[in-house]
Every structure is written in C-alpha cells, then in structure tokens.
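# Tertiary structure, described
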Amino acid sequence: MFLGPRALKEVIEGAELYPIRGLFNFKDFFPEIDSYYLGIHGDELGIPTGWKCMDGLYKVVPGELTIVTGVPNSGKSEWIDALLCNINNQCGWKFVLCSMENKVRDHARKLLEKHIKKPFFDARYGGSVERMSKDEFEEGKEWLNESFHLIRCEDDCLPSIDWVLNLAKAAVLRHGVRGLVIDPYNELDHQRPPNQTETEYVSQILTKIKRFAQHHSCHVWFVAHPRQLHNWTGAPPNMYDISGSAHFINKCDNGIVIHRNRDPDAGPVDVVQVCMKKVRNKVIGQIGDAFLTYDRITGEYKEADEAIVAKVVKQ
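In the nomenclature of an unreviewed UniProt entry, the protein chain corresponds to SF4 helicase domain-containing protein from the organism Aegilops tauschii subsp. strangulata.

Laid out in structure tokens, this is it:
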C-alpha cells in the first residue's frame, strides 16, 4: 500500500518459487560442480591403484560401487587387500572391513605381510626370507589399528545388509573411513519376502549400497562368487556368471574379474589376470586386462613382466 502497485508487481515477478523437496536445478549444485572442475578434492580423476598397468583401466573414485568376482581360490580377497594397502600408502585412506570368510587374526597376518613385505611366521611358506621382527610387528599393529576398522557379528547370527551399512555409516562419521569392503555376498543374511524374486532382492540390496556410497562419498568393494560353472575350461568367468542376478553387472559402477592361471603349461601359476569388465565412468578407466604376479611369501602383487604377459596372452 505504501509503494504502490508497480512495486507489488516487481516483488511477485521476482519471487523465488517455493522449494519442493527432491526437485532441484543444476545451479543448486554449482558449488559441487565447480569443485569437480577445479579438482579441489584431488580425487576427481580417481585414486591410482599402485600398479601402473592397471591405472589406465581402473582408478578408485569415492562414492562408487565395484563388484569383484572370480572362481574360488583366485585371490579376490587377497587382491582387494593389496589394493587397500596401496591406497593407504599413497593417500592415507582408512577402511572398514566386513570380511566374513576371514578370521581376524588371519586377516591381520595377510595385511601385515603386505605392509611390512616380510612373512608373518618363520614357516616353510616363507622360504629363506627373514620373518618380520618384533619391532616391525608392533609398528604394523599400530598401522592396522589406525587404518582399518572391522564389522563383525559377535554371535552366530548372519549380518544383514542394513546392519552392515548402519555400522559402516558410523565408521565414516566417527573415523573418517573412505572405503568399505563386503566380502562375500553369500555370507549375508538373505531373508527376502516370499513374494519377492531373487532378482528383485539383489537389485534392492545393490541400490542400498550405491546410495550409501554416494551419500557418504565412500567407495564400496562388494565380492560376489560366480555360480557353479559346468564344463569349465579354465577361462575367466563373466560378470553375468555371478550367482543370483545379472543386476550385479547392471547396477555396479565397476566390474572386475580376478583370475589366476592354474595350468603350468599355460605359463607361471603365480600370474593373476585382472579383467575390467565394466567401467561406467570413462574419466577413470576402460575395459581391458592387466596382469600381475603374486608373491606367495608376502602376499604382494607386482606388475608382470612383458614376456610373461605375452606368453599368457598367447595361450
């Protein structure tokens, strides 16, 4: 009434629309997009794996889901452990591990051997390599405690995916964890409603994991075993061979098959083939294969020599 109808018209025309929950404009995310363009966080192009032969195929990006599969005894868990040690050494990332197939003491031994690069025991598998010293062991224990947190059931119950993700959320908020490992899928408690198919159930689980990863900027590695392979010829399995559902490859950001040579006539049996079967984000990788050698004494993975790779590929 004081300024007149023109002022009233200007106020109405310039008014912002009432916000609707869940509906946004791109400008609402301009600060995040600016940071992405300027590389403010330093991980926009992914975290290197520690193996040059792999970095052109796969890098680790916060907020993504990587599915890892492979036939039993191919070294899926060992490879993930080696990857975590490399990332921790480069960037200081902390991780939370839900590894249901490992005893805590055995998992600690594997991680310490990779970190210290010496065998845990003075046993036959160590050959002539000197066992880690008491001081190295004590230093390694401090590193373990600072770098890794564990999700474990304290009774004989199977963990549900909701239970795991709630504890992982607590680890992110309390300890600054940047990576979560769930190993493996078939050790989780799967109580799906009778009217829900396994395909629908798997889709629901993967959606929950992806939302957790994106919301908390936490990379998730999820290990899933392939179904029983009939008439298996020794070749690497496909992501569609994972037991349960094709959603494992459909919904993941990255799909990796870990495959170990078992035929001495085809090349050294310590050669591990890392097959990138899916990379959703072209910025951080592409489909292809990398070859590593596994050191049985320390559990380390190293880049394979070109001559070894040529022989394996030829076979």
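Okay, back to it.
The next point concerns the nonpolar core. Grouped together as the largest cluster of nonpolar side chains are 39 residues, with contacts concentrated most on Tyr58, Trp79 and Trp221. Mapped onto this core, the elements with two or more residues apiece are α4 (76-91), β2 (95-99), α5 (104-116), α6 (134-147), β5 (219-223), β6 (254-260), β7 (271-279) and β8 (288-294). Top element by residues in this core is α4. It accounts for 7 residues. Aside from chain neighbours lying at most four places away, what touches tryptophan 79 is Trp51, Met54, Tyr58, Val68, Ile256, Ile258, Val274, Leu292 and Tyr301. Ranked by size, the runner-up nonpolar core spans 34 residues in total, among them Ile161, Leu180, Leu206 and Val257.

Okay, the pattern of salt bridges next. Across all of its chains, the model carries 11 salt bridges by this definition. Across the pair glutamate 78 and lysine 114 runs a salt bridge whose closest N-O atoms are separated by 2.3 Å. Of the two residues, glutamate 78 is situated in helix α4 and lysine 114 in helix α5; the sequence distance between them amounts to 36 residues. Lysine 114 carries the same exposure label as glutamate 78, and that label is buried. The salt bridge involving aspartate 162 is made with lysine 208; its shortest N-O contact spans 3.1 Å. Taken together, the residues span a long stretch of sequence, with aspartate 162 in helix α7 (residues 161-175) and lysine 208 in helix α8 (residues 198-216) at a distance of 46 residues. Given the relative accessible area of 37%, aspartate 162 is considered partly exposed. Here lysine 208 falls in the partly exposed class, since its relative accessible area comes to 30%. Through salt bridges that share partners, Lys134, Glu138 and Lys141 make up one connected network.

Rules and cut-offs
Residues numbered from 1 in each chain as written. Predicted model: local features only at pLDDT ≥ 70, side-chain atom pairs only at ≥ 80, totals over all residues. Heavy atoms only, no water. Core = buried A, V, L, I, M, F, W, Y, C linked by side-chain atoms within 4.5 Å. Buried < 20%, exposed > 50% of the residue type's maximum accessible area, 1.4 Å probe, protein only. Helix = DSSP H or I, 4+ residues; strand = E, 2+ residues; numbered from the N terminus. Contact = heavy atoms within 4.5 Å. Salt bridge = Lys/Arg side-chain N within 4 Å of Asp/Glu carboxyl O.

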